[in-house]
Amino acid sequence: MKAQIEDFRKILSEVLEREIHSINITDTPKDIDGWDSLNHIYIIIKLENIYNVKFSTSQIQNWSCINDIISDINTLI
Amino acid sequence: MINFEIDHIAFLTENIEFSVVEMNALGFALESPIFDIIAQKVRVCFLRNKNNIRYELVEPYDSNLTLKKLIASGLTIYHTAYLVISIENTTNYLKEHGFYMVNIFKSDAFDGRRCAFFVSKSKILIELIEK
């Protein structure tokens, strides 16, 4: 099952412990209150667990927006 | 096996000056100024007791939502910091053992030395400080 932006929105809401009502694929961590460097890692850990994938360091470093993350998930699954 | 020499244990507080007074009562004396670490949105200071145990107090800015949330949840033990010879060498070791690097930075609180935060899958947060 391919990852969709709605799945990512739910995961983001869980990690940030507040309801994120809408996100765009072009959003970056700076666009979302509370998406700091520590929560970024918690998001990665949650995504790896849910999709049973392992991101490489270079993949993570190349993420600039939500679309990059979803795209890498779908490449790995 | 890398030698993880404990430098300090960090506690979160809503009011660093108030917590310093509390720690004084427990025999911990302030051994640093209170640093403003703007990049990390925190104020920090260090205290030591006669047993040579070193504590860091960390007061998040109001805009530091993650740490504010931890305090609100009742969690005040924040991280353990270790002195290491090389962050790079230790990074490889920690990644092999399931830790993720959060960030790497130079800290005014450690004379400009390099530091890095890592977190494990079970959310154990550690800091490395280069000797």
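These numbers come from a predicted model, not from an experiment.

Calculation notes
- Residues numbered from 1 in each chain as written.
- Chains lettered and ligands numbered in written order.
- Predicted model: local features only at pLDDT ≥ 70, side-chain atom pairs only at ≥ 80, totals over all residues.
- Heavy atoms only, no water.
- Helix = DSSP H or I, 4+ residues; strand = E, 2+ residues; numbered from the N terminus.
- Rg over C-alpha atoms; globule rule 2.2 N^0.38 Å.
- Buried < 20%, exposed > 50% of the residue type's maximum accessible area, 1.4 Å probe, protein only.
- Lys, Arg positive; Asp, Glu negative; His and termini not counted.
- Charge placed at Lys NZ, Arg CZ, Asp CG, Glu CD.
- Contact = heavy atoms within 4.5 Å.
- Buried area = accessible area lost by both parts, 1.4 Å probe.
- Salt bridge = Lys/Arg side-chain N within 4 Å of Asp/Glu carboxyl O.
- Polar contact = N/O pair within 3.5 Å; in protein donor to acceptor, adjacent residues only side chain to side chain.
- Core = buried A, V, L, I, M, F, W, Y, C linked by side-chain atoms within 4.5 Å.
- Axes fitted to C-alpha atoms, helices over the stretch in contact; angles between N-to-C directions.
- Parallel < 35°, antiparallel > 145°, perpendicular 65-115°, else oblique.
- Left-handed = near helix turned anticlockwise from the far one by under 90°.

Student: Would you mind showing me how to read the overall build of chain B here?
Tutor: Across its full length, chain B carries three helices and nine strands. Relative to the globule expectation of 14 Å for 131 residues, the C-alpha radius of gyration of chain B, 15 Å, shows essentially globular dimensions. Considered along the principal axes of its C-alpha atoms, chain B spans approximately 40 × 35 × 25 Å. In chain B, which comprises 131 residues, the proportion classed as buried is 48%. Positive and negative side-chain charges in chain B, numbering 14 and 16 respectively, have mean positions lying 5 Å apart.

Student: Whenever I open this one, the interface of chain A and chain B confuses me. Can you help?
Tutor: Where interface size is quoted, it is often the accessible area lost as the parts come together. Listed by partner, the interface residues are 16 residues for chain A and 13 residues for chain B. Buried surface at the junction of chain A and chain B, summed over both partners, amounts to about 1200 Å²; 61% is from carbon and sulfur atoms. Joining chain A to chain B, the criterion identifies zero salt bridges. There are six residue pairs in polar contact (both at pLDDT 80 or more) connecting chain A and chain B. Ranked by the residues each element gives to the side of chain A that touches chain B, the list is headed by helix 2 (residues 37–51) of chain A, at eight residues.

Student: Got a minute to help me understand the nonpolar core in this structure?
Tutor: Within soluble globular proteins, side chains that are nonpolar generally end up buried alongside one another. Phe8, Leu12, Trp35 and Leu47 of chain A together with Val44, Val58 and Val119 of chain B are the most contacted members of the largest nonpolar core, which has 48 residues in total. Here this core gets eight residues from one element, more than from any other, and that element is helix 2 of chain A. Apart from residues no more than four positions distant in its own chain, leucine 12 of chain A is found in contact with Ile20, Ile23, Ile32, Trp35 and Ile43 of chain A.

Student: Sorry if this is basic, but what is going on with the environment of phenylalanine 55 of chain A here?
Tutor: All names here are of chain A. Following the sequence through the fold, phenylalanine 55 ends up in the loop between helix 2 and helix 3 (57–62). In the structure, phenylalanine 55 is positioned 26 residues away from proline 29 in sequence and 18 Å away in space, judged by C-alpha atoms. The residues touching phenylalanine 55, leaving out its near neighbours within four places in the chain, are Ile44, Leu47, Glu48, Ile60, Trp63, Asp72, Ile73 and Leu76.

Student: Help me understand the pattern of salt bridges in this model?
Tutor: Opposite charge on two side chains allows them to pair when their charged atoms are near. All names here are of chain A. Overall, the coordinates contain 13 salt bridges over all chains when judged by the stated rule. Here arginine 9 ties to glutamate 6 by a salt bridge, and the two come within 2.7 Å at their closest N and O atoms. Taken as a pair, arginine 9 and glutamate 6 lie in helix 1 (residues 5–16) at a separation of three residues, close to a single helical turn. By relative accessible area, arginine 9 is classed as buried at 10%.

Student: Help me understand the packing of helix 1 of chain A against helix 2 of chain A in this model?
Tutor: The angle between the axes and the distance between the axes are what describe a pair of packed helices. All names here are of chain A. Between helix 1 and helix 2, whose axes approach to 10 Å, the crossing angle comes to 130°. As far as their axial angle goes, helix 2 and helix 1 are oblique. Pair helix 1 / helix 2 crosses with right-handed handedness. Contacts from Asp7, Phe8, Ile11, Leu12, Glu14, Val15 and Leu16 in helix 1 reach Asn39, Tyr42, Ile43, Lys46, Leu47, Ile50 and Tyr51 in helix 2.

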